[in-house]
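# Close look at the chain arrangement
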Amino acid sequence: MQRVVIVTGANSGIGLALCERLLTEDSQLRLCLACRNTQRAEAARSALLTSHTNAHVDLLHLDVGSVQSVFTAAQEVKARYSRIDFLYLNAGIMPNPQVDVKAFFKGLFSRNVINMFATAEGLLTQQDRLNSDGLQEVFATNLFGHFLLIRELEPLLCQAGHTSRIVWTSSSNARRSAFSIEDMQHRNGTEPYSSSKYASDTLSLALNRHKNNQGLFSAVICPGLVMTNLTYGILPSFFWTLIMPIMWLHWLFLQKSESLDPRAKYHSLTSGLGTNYTQPRKMDIDDEMSEVLYSKLLDLERVVRGEANEGNAANKLINST
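Everything quoted here is computed from the prediction, not taken from an experiment.

Conventions adopted
Residues numbered from 1 in each chain as written. Predicted model: local features only at pLDDT ≥ 70, side-chain atom pairs only at ≥ 80, totals over all residues. Heavy atoms only, no water. Helix = DSSP H or I, 4+ residues; strand = E, 2+ residues; numbered from the N terminus. Expected span 1.5 Å × (residues − 1). Buried < 20%, exposed > 50% of the residue type's maximum accessible area, 1.4 Å probe, protein only. Arc of directions from axis to C-beta. Contact = heavy atoms within 4.5 Å. Polar contact = N/O pair within 3.5 Å; in protein donor to acceptor, adjacent residues only side chain to side chain. Salt bridge = Lys/Arg side-chain N within 4 Å of Asp/Glu carboxyl O. pLDDT = per-residue confidence, 0-100.

Right, let's get into helix 2 (residues 38–51). Taking 1.5 Å per residue as the helical rise, helix 2 with its 14 residues ought to reach 20 Å, and the 21 Å between its terminal C-alpha atoms agrees with that figure. By the burial criterion, the buried members of helix 2 are Ala 41, Ala 44 and Leu 48. Taken end-on, helix 2 shows its buried residues confined to a sector of 60 degrees, consistent with a single buried face. Structural note: helix 2 exposes Gln 39 and Thr 50 on the side pointing more than 90 degrees away from its buried face. Residues of helix 2 that are buried in the fold lie against helix 1 (13–25), strand 2 (30–35) and strand 3 (56–61). You can read the cap of helix 2 off the contacts: a side-chain oxygen lies 3.1 Å from the backbone nitrogen of Gln 39, and it is on Asn 37.

Let's shift gears to the pattern of salt bridges. If you walk through the whole model with that rule in mind, you get 18 salt bridges. Between Arg 129 and Glu 137 there is a salt bridge, and its shortest N-O distance comes to 3.0 Å. Owing to a relative accessible area of 54%, Arg 129 belongs among the exposed residues under this scheme. Residue Asp 286 is joined to Arg 176 by a salt bridge in which the shortest nitrogen-to-oxygen separation is 2.6 Å. With a gap of 110 residues between them, Asp 286 in the loop between strand 10 (276–282) and helix 9 (287–320) and Arg 176 in the loop between strand 7 (164–169) and helix 7 (192–211) connect regions that are remote in the sequence. Relative accessible area serves as the criterion here: at 23%, Asp 286 is assigned to the partly exposed category. Overlapping salt bridges, with partners in common, bring together Lys 78, Arg 151, Glu 152, Glu 154, Lys 211, Glu 301 and Arg 305 in one network.

A separate point is the confidence of the model for the protein chain. For the protein chain, per-residue confidence averages 83 on the pLDDT scale, and residues scoring 70 or more make up 73% of the total. Contacts for the low-pLDDT stretch residues 237–248, under 50 throughout, to residues beyond four places or in other chains number 33 contacts. Note that residues 317–321 has pLDDT below 50 and, in this model, zero contacts with residues that lie over four places away or in other chains.

A few words on unusual backbone geometry. In the Ramachandran plot, His 186 falls in the positive-phi region, its phi being about 60 degrees despite a non-glycine side chain. Inspection of the secondary structure assignment puts His 186 in the loop between strand 7 and helix 7. Among the residues examined, His 186 registers a relative accessible area of 8% and is labelled buried.

The structure is reproduced here in structure tokens:
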């Protein structure tokens, strides 16, 4: 049976590389590139079809940072497909990342240098802002939009006798110290990217607790340090070439969902001899926090659905007069 795979943020970087490797593993799958930029999505589709001429590659306009875009895209997905086998939640933003130069050079010549580059702890800050929905932009794009998408697509993800998998692209920068359950949108902090990635790690645990019995499994991956549009402008390009490993993310595509550890983050690594491998590492998350986060996201979902319904009703009234 032809498998259906949806990848958000698939037009470049990690998302596009992942799509290429998925098609290499299974040229018969039906792949959907869910992207915000239509022109770049078209270019990505053309590139994939150049190397996989018989592949079935669909396009979906999706801006996970927009509530209405998520609702509209989800309706289109439900009209196209009868089920979803894999949903790769890869889209994300890190707006205006700034390096603390003093912290960089201090860490460069310390015993903490490896951890600094692996996690960017104390090294990066970002400037966040409110989006058109009144949500913090990084939170909305990296976490909440994907949560809404999952909720909208549950009829295709949770089907009797069928197993589906959600895969989150996380980060080694996802640190508990950057996240506060009382401020899940990170309105009062300076590390919204780290906060949002830690929140997605935590949400994955809750999803497994609530949805495994419905055939839906969630896993978290970490691509390591890779050159993408998120990282390119942080440090000079020559520096990245010295520390960039080879991404090995499609490994989860080959595993049985039931065999994966819901508390592990699967890191893409490369040995000193150039061998690619995946290593599970326990995440610093707990059941209580994951349940509270899940509950808070459901509450926020009810709010934005109510606002969306009110907006639709108002538009219908305007159009009828």
